[in-house]
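Listed here are the chains, written in short residue letters.
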Amino acid sequence: MTKRAHRLSCALFLVLLILPFAAFSQGLTGSLTGTVTQDNSPLPGVTITISSPQMQGTRTAVSNEAGGYNFGALPPGDYTVQFELQGMQTQKQTAHVGVAQTARADAAMKVSSVTEAITVTAAAPAVAETTEVQTNFGHDAIEQLPIGRTITAITGLAPGVVSGVNGFAISGGQSFDNLYTVDGAVVQENLRGQPHNLFIEDAIQETTIQTAGISAEFGNFTGGVVTAITKSGGNQFSGSLRDSLTNPNWTAKSPDVYSTVNGVVQTVPTPDPIDKISHQYEGTLGGRVIRDRLWFFAAGRYVKSSSTRSLASAGGAYTRQDTDKRKEGKLTGAITQQHSIVISMIDAPTSHTNDCQLGCFDMSSVTPSVSNPNRFKTGFYNGVFTSSFLVEAKATDKTFAFVNFGGTDHDRVTGTPVRLTAPGFGSVTNEPFFCGDCRQEDRNSKEYGLKATYFLGTRALGNHTIVGGLDRWHETLASDNYQTPSGYVMILGSLAPSRDTSHNTLVNVKGGTSGDQIQYWPIFEPTKGSDLNTDAAYVNDKWDFNNQWQFNVGFRFDKNDASDSTGNPVANDSKLSPRLGVGYDVFGTGKLRLNASYASYVGRLADGNVSEAGSVAGVPARFNHRYQGPDLLNMSPEAAMTAIWAWFDQQGGIDKTPVVNQSVPGATTVIDGSLKSPGVKEWSLGASTQIGTKGFLRLDYIKRDWKDFYTNFTNLQTGTTTLPSGAKADLTKVRTSNEFSRNYNAVEVQAQYRLTRAFNVGGNYTWSRLRGNYTGETSGSGPVPSGAPNTVYPEYNNFAQSSPIGPITGSDQTHKARAWAGYDFQTFLGTFNLSALERFDSGGAYSLSGSVDIRQNANFYGTGKAGGVVNPGYQTPPTSVGVFFSGRGQYRFPNITNTDLALNYNSNPGWLKGAMFFVQTELINAFNEHGIVSYNTSVLTHLNDSTLQRFNPMAGDTPVEGVNWKKGPLFGKPTAVTTSATNGSYQLPRTYRVSAGIRF
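Residues numbered from 1 in each chain as written. Predicted model: local features only at pLDDT ≥ 70, side-chain atom pairs only at ≥ 80, totals over all residues. Heavy atoms only, no water.

*Asks:* Quick question: what am I supposed to make of the overall build of the protein chain here?
*Replies:* Within the protein chain, the secondary structure is distributed over six helices and 70 strands. Against the globule reference of 30 Å for 1000 residues, the protein chain gives a C-alpha radius of gyration of 31 Å, in line with a compact fold. Principal-axis analysis of the C-alpha atoms gives the protein chain an extent of 105 × 60 × 55 Å. Within the span of the protein chain, comprising 1000 residues, buried residues form 55% of the whole. When contacts within the protein chain are restricted to residue pairs at least 6 apart in sequence, long-range pairs at least 24 apart make up 74% of them. Looking at the protein chain as shown, the accessible area adds up to about 39,100 Å², and 55% of this sits on carbon and sulfur atoms. Distance between charge centres in the protein chain, computed from 80 positive and 80 negative side chains, equals 3 Å. (Helix = DSSP H or I, 4+ residues; strand = E, 2+ residues; numbered from the N terminus. Rg over C-alpha atoms; globule rule 2.2 N^0.38 Å. Buried < 20%, exposed > 50% of the residue type's maximum accessible area, 1.4 Å probe, protein only. Contact = heavy atoms within 4.5 Å. Areas by Shrake-Rupley, 256 points an atom, 1.4 Å probe, with all protein chains shown as cover. Lys, Arg positive; Asp, Glu negative; His and termini not counted. Charge placed at Lys NZ, Arg CZ, Asp CG, Glu CD.)

Printed below as a string of C-alpha cells:
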C-alpha cells in the first residue's frame, strides 16, 4: 500500500467514525462462512480465496484452529471459493451470497499426491441453512416469472406475506411496521410506512424477505424485513435497454359494481378503457473506470401513462395522466484492497394531472396538477483490518414531499369545498379538498451507523461471528395540514345532490335546527416538524459450535427520544430485545436440519396521528356552525355558497354564530407521559432438508404476541378540559397499554427443485391465523390510537360485543399458496422460456357490525318505555357506539385463484456482437377469473333506518336481525369505485403485457 493511499483510507475512516451513529449498515452486503475438516476433524491453516464478478479483486482468509473461516461485508452475488493447503487436494466450490444473508461453503480436504483441483457441488441455499426464516429472489428468477418486477410484487411472492390494511402484513404485523430497504436506505414514507418506488426494475439485483428469527442487526419493525440491492457495475461493461408496453385496452373489463342514488340501488357500469399504448422505458449501464478499483452503475426509467377515472355517483369519467421519471447512479471504489466505499443515489419524482383526493362529484373538485419529489442518497464504507476483523459504516438521507395537492382558490364562495354526505353519497364539489398552494408537506428521514464484525474460533468452542454496532434513526414530518384553501368546508348531509340535463351539479341545502353545517378549519400555530429519534446498540453472535450445532445469541437495545411538531416531548423510553436461535444438523450432512428461535422486536414510534395526537402546530382545529337559513334547492354550488355566506355574515360570522361541535388540537387530546414503541414476542420451530444437490424443502412454525398498544383513554378519571370558546369538553389521553390482544400463529412451507438443467419448480404455502381485537391502523390515516371498551366511555362501551376477540379484518388470511415452474427450450434461434405462476388466496375475514345510540331516552324502546345509559357526568357522551352483530371476522370473502403465464425469448449472444435481444410476454389471469376480493358489508340500525328499534347492549339486550338491525341495501354487492377497466371489488381481469429490448 502506498503512503498516499494509506493516508487517504485512514482519513476516510476517521471521518466516518465521527459521524452520528445510524442503522442498517447490513443492508448492502452478505456473509460467507464455513468450516474446513479432514476426516471429520477441524483443519487449521487452510487458505481460502474467494472471487466474484461482484467483488473488486479477491479476498483470502486462513482457517483457524476450529477449522472455521468467515468473510463479511461481501457484495451479494455468485462466488468461487478455493481451499488450498500443501499436501492436500485443492478444492473449488461455488456459493451464492444473498443480500442480508449468510451463505456457507464447507470443505472436507483430502490428502493427494497430485496437485490438481477438484470441484465440489454447490452448497444448499442459505434459506435452508439458517435459523432465520427468509426467502431470497434473484433478478434472473423474477425476470422469467409472470410477475411485476417491483419490490412489492417480489415481496408478495414470499410466504408469510399477506395483504394488510395499507400494504403487506408480514407475519401478522401491521402494514406500517415492516422495514423496507434499498441499497441500505430505508425507503418507507413516514406516515403509513409503505415503501416508495425508489428503484428501477432492471437495476434490482436481488431481494431478501425475512419473516422470523431475525438478527439483532435489524430494528424498527414488528412485522418483517425486506432488503433489496441494486447492481453495482463490474470489470466488464454491461447494460440493457427495455421498452415495456401496456394498454388499458389489453385488460378485460371487470364486471359492473353497484351504488345507491337517492336511496335506490343502481348498477355502475365499468367504463370502456382507453385504447392507448403506454411505454415504460428503462436503461442500465455499468462497468469499470479503473479495473478492480472503481466501478460505476447508472440506470434510468421513464413512463407516462393515462387511465380512466370515474366521478362519484355515476357522474361520468375523466382521464388521469401520470409521469414517473427515475434515475440512479452508483460508484463502487476500492481505496485499497482492504478498504472500499459505495456511494449511491436514486431520484424518483412523480407528477400527475387530474388528481382526486376525496371522492370527486364533478371536475370542480379535481386538482389539475400535483407532484411528489422523492429521492435518497447513501454512503457506505467497509474496511477489512485483519482476516478476522472488519468495520462497516453508513449514512443515508431520504426526502419526500407533497406539492400542489389541493385547491388554490382562497375565495369563500368559489374556493370552499362542499362535502356531499347525504345517505349514499361521499364526495366533494365546488373546489378540491386541502390547500395546494400552502406549505408543501415534507416527510424525510436520515440514518447513520457503525458496525464491526469479529471472527473468533477455538477447537473447544467452535467458531463465532460476532457483530456489534451503533445506530441512529431520525425522521421528521413537517406539514401545515390545511384542509381547504378558503379555510372553510360546507357539509351537506341532509338532502341529496342531483345533476341537471347538462350534467351540471345541483345541490340542496337544508336549514332550520337540523340543517347542514359550515366548518371552519383554522391552524393556530405553524409546524416546527416532528423530531423522532431512535438510538440503538446491538451485538449478535452466530456461533458454529461444531458441524451439527449452531447458535445465534443477540441483543438489541433501542432508545427513543421524540418530540411532536409543537416541540413537546412525546417519547423517552428504551427496550432490550433478545434474539436467540439454535440449529441442529441431525446427521451432520445437511439432510435434516432442525431450528428454533426466540426473539422480540420493537417497532419505530409511529408518526402522524400517534406522535402528533397532542400537537397544536400544523394541525387544524374544527368548529362546526349549523346553517339555519332558508332551504336552498336545486342550486349550483356557487349560487348556494353565495346565499350561505350572506346568511352567515348576517349572524355575525364565526364570532357570533353558535358552535355546535368543535375539535381543538392539543385541547381535547393529549399524550399522557411518554409513549412506548409497540413490541412483539416471537417463537419459531422449523426443519429443513436438502434434496440431493438440486433442491430444498423447509417448514417453519411461527407464533407471535404483541404488546404496548397505542390506546385512547376517555373516562371520568381523565377529566375535562376548557376549549378556547369557554365550553367544557371531555379530555382524551393517549397512552401505551396492554388493554388489547393481537396474536399470530402460522406455518410456512417453501421448496425449490431443479428437475433438469432446463426445468425448475418452486413454491410456498402459508397457513396463518391472526386473532385479537386491535387493528391500530386505517387505510386513510395509517397508525392510529384506539379505544378499548374499558378505556373510552366505559359506561357506554364496556359490553361483550363492543370489541370481541376474533380474526382481525383486513389482515387475517388463512391460506396462501404460490407455485411456479419454468422450462427452457434451446433452439438455433435462441432460448425460449415458458413459465407459469399459480396463486391461491383464501378470502379475508369480515364482520357484521354497526353503530347504535344508547344514550338515555324517555321513549328509548319506541313504546313509551324509558331506557338507555344515564350520563354519569360526561360533557359530551358518545352519540353512538359500535356493536358486533356477529363474531369478529366470523365471515369470509370468496377465495381467489389466478393462473399467470409468461413466454420469454433470448437470442443467441453472437447475433448482435455480444448483445442479446429479448422479448418477454405475459398473460395475467389467463382464464379471466372474476373473483370478488371484497363487497359491501354495511349494516343498518335505528341510526340510519327509523323502522328499526333501539336496544341497549349495556343492559344485556340481545339484538335481533330484522328488528334491531338489518343488512344494508348493497350488502353482498361489489361497490368499489370503478377506475379504467378494473375496480377494487374484483381481482385483476385477464391482462396482456409485453416488453422487449437488448442486453449486453
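And the narrative resumes.
*Asks:* Just to check I follow, could you spell out the pattern of salt bridges for this structure?
*Replies:* Once their charged atoms are close, side chains differing in charge can pair, the charge on each being opposite to the other. Taken as a whole and judged by the stated rule, the model has 40 salt bridges. As a salt-bridge pair, Arg 412 and Asp 649 come within 2.7 Å of each other at their nearest N and O atoms. With Arg 412 in the loop between strand 28 (389-402) and strand 29 (418-420) and Asp 649 in helix 4 (residues 637-650), this pair connects stretches of sequence that are 237 residues apart. Using a relative accessible area of 28% as the deciding quantity, one classes Arg 412 as partly exposed. The partly exposed category is assigned to Asp 649, whose relative accessible area is 39%. The partner of Arg 839 in a salt bridge is Asp 900, with the nearest N and O atoms 2.7 Å apart. Note that Arg 839 is positioned in strand 59 (residues 830-841) and Asp 900 in strand 64 (residues 896-907), a separation of 61 residues in sequence. (Salt bridge = Lys/Arg side-chain N within 4 Å of Asp/Glu carboxyl O.)

*Asks:* Hey, could you run me through the state of the cysteines in this one?
*Replies:* Note: disulfide means a covalent bond formed between the sulfur atoms of two cysteine side chains. Here the structure, examined in full by the defined rule, presents two disulfides. Across a sulfur-sulfur distance of 2.2 Å, Cys 356 and Cys 360 are joined as a disulfide pair. Across the disulfide from Cys 356 to Cys 360, rotation about the S-S bond amounts to roughly 120°, and the bridge is consequently right-handed. The partly exposed category is assigned to Cys 356, whose relative accessible area is 26%. When its relative accessible area of 3% is taken as the criterion, Cys 360 is described as buried. Two residues, Cys 435 and Cys 438, share a disulfide whose sulfurs are 2.1 Å apart. (Disulfide = S-S within 2.5 Å.)

*Asks:* Please clarify how the packing of aromatic side chains should be interpreted in this entry.
*Replies:* A ring pair, where both rings are aromatic, is described by two values, the distance of the centres and the angle of the planes. According to the stated counting rule, one finds 38 aromatic pairs in the structure shown. Where Phe 361 meets Phe 425, the ring centres are 6.5 Å apart and the plane angle is 55°; that geometry is what we call tilted. Remark: Phe 425 occurs in the loop between strand 29 and strand 30 (427-429) and Phe 361 occurs in the loop between strand 25 (350-355) and strand 26 (367-372); sequence separation between them is 64 residues. The same class applies to Phe 361 as to Phe 425, namely buried. One aromatic cluster in this structure is built from Tyr 488, Tyr 520, Phe 524, Phe 623, Tyr 627, Trp 645, Trp 647 and Phe 648. Here Arg 499 stacks its cationic end above the ring of Phe 361, 3.7 Å away from the centre of that ring. (Phe/Tyr/Trp six-rings, centres within 6.5 Å; stacked < 30°, edge-to-face > 60°. Lys NZ or Arg CZ within 6 Å of the ring centre and 35° of its normal.)

*Asks:* Even after reading the chapter, I still don't get the environment of Gly 588, so can you show me in this structure?
*Replies:* Tracing the backbone shows Gly 588 in the loop between strand 40 (574-585) and strand 41 (593-602). On the basis of relative accessibility, which here comes to 29%, the residue Gly 588 falls in the partly exposed class. The spacing of Gly 588 and Asn 547 is 41 residues in sequence and 5.9 Å in space, taken between C-alpha atoms. Residues within four places of Gly 588 in sequence aside, it is in contact with Asn 547 and Gln 548.

*Asks:* Is there a simple way to explain the pairing of strand 52 (residues 742-754) in this structure?
*Replies:* Successive residues of a regular strand alternate their side chains across the two faces of the sheet. Examined bridge by bridge, strand 47 (residues 695-707) and strand 52 share eleven bridges and lie antiparallel to one another. Bridge assignment links Leu 697 to a residue of strand 52, and that residue is Ala 751. In this sheet, strand 53 (residues 759-772) lies alongside strand 52 in antiparallel orientation, the contact comprising 13 bridges. In the sheet register, Tyr 753 faces strand 53, and the bridge partner there is Val 761. (Pairing = 2+ DSSP bridges.)

*Asks:* In this structure, what is going on with the nonpolar core? I would like to understand it.
*Replies:* Nonpolar side chains tend toward joint burial in soluble globular proteins. Among the nonpolar cores identified, the biggest contains 32 residues, and Phe 218, Phe 221, Leu 605 and Leu 675 are the most heavily contacted of them. Mapped by element, the contributors of at least two residues to this core are strand 39 (569-571), strand 41, strand 48 (709-714) and strand 52. Ignoring any residue separated from it by four or fewer positions in sequence, one finds Leu 675 in contact with Val 570, Ala 571, Asn 572, Asp 573, Leu 605, Val 610, Val 734, Arg 735 and Thr 736. If you look at the next biggest cluster of nonpolar residues, it comprises 26 residues, including Ile 142, Ile 147, Ile 154 and Leu 198. (Core = buried A, V, L, I, M, F, W, Y, C linked by side-chain atoms within 4.5 Å.)

*Asks:* Looking at this structure, how should I read helix 4?
*Replies:* For an α-helix, 3.6 residues make a turn, and residues three or four places apart therefore share a direction. Its 14 residues give helix 4 an end-to-end C-alpha distance of 20 Å, which sits within 8% of 20 Å, the value for a rise of 1.5 Å per residue. When helix 4 is considered as a whole, its buried residues turn out to be Pro 637, Ala 640, Met 641, Ile 644, Trp 645, Trp 647 and Phe 648. Seen along its axis, helix 4 keeps its buried residues to an arc of 165°; they face one direction. (Expected span 1.5 Å × (residues − 1). Arc of directions from axis to C-beta.)

*Asks:* Sorry if this is basic, but what is going on with the sheet that holds strand 33 (residues 488-492) here?
*Replies:* Each strand in a sheet pairs with another by means of backbone hydrogen bonds, the pair being arranged parallel or else antiparallel. Judged by pairing direction, the sheet is mixed, and its six strands sit side by side in the order 30-29-33-36-42-44 without closing on themselves. Looking at which strands have only one partner, the edges of the open sheet turn out to be strand 30 and strand 44 (659-663). On average, each strand axis in the sheet is inclined to that of its neighbour by 25°, with strand direction left out of account. Examined bridge by bridge, strand 33 and strand 36 (residues 517-520) share four bridges and lie antiparallel to one another. From the neighbouring strand, Ile 491 faces strand 36, where its bridge partner is Gln 517. (Axes fitted to C-alpha atoms, helices over the stretch in contact; angles between N-to-C directions.)

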